[in-house]
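Analysis of the macromolecular model
Given next are the chains, with one letter for each unit.
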Amino acid sequence: MNVKLESSWKAALAEEFTKPYFVDLTNFVRDAYRTNTVYPPARLIFHALNSCPLTDTTVVILGQDPYHGPGQAHGLSFSVPDGVSHPPSLINIFKELETDIGKDYPQNGSLASWASQGVLLLNAILTVLASQAGSHQNKGWEQFTDAVIDVISTQCDHVVFMLWGNYAKQKGKRIDRERHLVLTSGHPSPLSANRGLWFGNRHFSQANTYLISKGKLPIYW
């Protein structure tokens, strides 16, 4: 199956594209876009991978599934396009950045600048029906993104994985923790953050300290 994907990812994931689950997933997704309103726009399904080549990946931030409101999802976990109101989780991410590294709260909710520096903003599920969170669970995306994580874990060195919330922590169990830094905390959603499980995790400064210690460039958050 010919999947349009950035070259380093396409080579690393080539075996996935021939597996029966991926063929079924492709058929399901095509039908969903033809018959329903699905986010993100089809051209941005693989935006996270296309924006951050495997060979450049130094940080992975793992989300669950795309935002399901109009105009919000653009293929990068937790990110929204320029000019779109910041969802609650993104607001709390920016608040933590303020207290952790002193960054002023930004007007722009797009995290594309992070992706261009090697931050893979990966959702576990890459598509969703409008207004129906989790609607494309158990269709095959989870298996595909497990393969993405496996590739990073086995082929890269000294990557920082940020796992926020129980879902991400479970998905991150396959990561080689002797080879990579795995940071965990509560999810930045208000429910978790208001229970004291998010704020103060200092993941952004910890990530940069680790990257520098391994001779890599820090991220300009």
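Read on for a plain summary of the structure. (Residues numbered from 1 in each chain as written. Predicted model: local features only at pLDDT ≥ 70, side-chain atom pairs only at ≥ 80, totals over all residues. Heavy atoms only, no water.)

1. A closer look at the nonpolar core
Nonpolar side chains in soluble globular proteins generally cluster together in the buried interior. Counted only if it meets this: Here, nonpolar core refers to any group of buried Ala, Val, Leu, Ile, Met, Phe, Trp, Tyr and Cys residues whose side-chain atoms link them within 4.5 Å. Each residue is assigned to one of three classes by its accessible area relative to the maximum for its type, calculated with a 1.4 Å probe on protein chains only: buried under 20%, partly exposed between the two thresholds, exposed over 50%. The way it works is that DSSP assigns letters per residue, a run of H or I at least four long becomes a helix, a run of E at least two long becomes a strand, and they are numbered from the N terminus.
Among the nonpolar cores identified, the biggest contains 66 residues, and Phe144 and Trp221 are the most heavily contacted of them. Here this core gets seven residues from one element, more than from any other, and that element is helix H6 (residues 141-155).

2. Quick word on the packing of aromatic side chains
Rules: Ring pairs shown here join Phe, Tyr and Trp side chains whose ring centres sit within 6.5 Å, with only the six-membered ring taken for Trp; geometry is labelled stacked below 30 degrees between planes, edge-to-face above 60, and tilted in between.
Per the counting criterion, the structure on display carries 14 aromatic pairs. With a centroid separation of 5.3 Å and 80° between ring planes, the pair formed by Phe94 and Tyr105 is classed as edge-to-face. Here Phe94 is found in helix H4 (residues 88-101), whereas its partner Tyr105 is found in the loop between H4 and helix H5 (112-115), with eleven residues between them in sequence. With a relative accessible area of 33%, Tyr105 lands in the partly exposed category.

3. So, the pattern of salt bridges
When the charged atoms of two side chains with opposite charge come close together, those side chains can pair. Counted only if it meets this: Salt bridges are identified by distance alone: a Lys or Arg side-chain nitrogen within 4 Å of an Asp or Glu carboxyl oxygen.
Tallied over the entire structure, the rule returns seven salt bridges. Across the pair Glu16 and Lys19 runs a salt bridge whose closest N-O atoms are separated by 2.9 Å. By relative accessible area, which is 9% here, Glu16 ends up buried. Two residues, Lys171 and Asp146, come together in a salt bridge whose shortest N-O distance is 2.7 Å. Of this pair, Lys171 sits in helix H7 (residues 166-171) while Asp146 sits in helix H6, and the two are 25 residues apart along the sequence. The exposure classification of Lys171 matches that of Asp146, with both residues buried. Linked by salt bridges that have partners in common, Asp146, Asp150, Lys171 and Arg174 make up one network.

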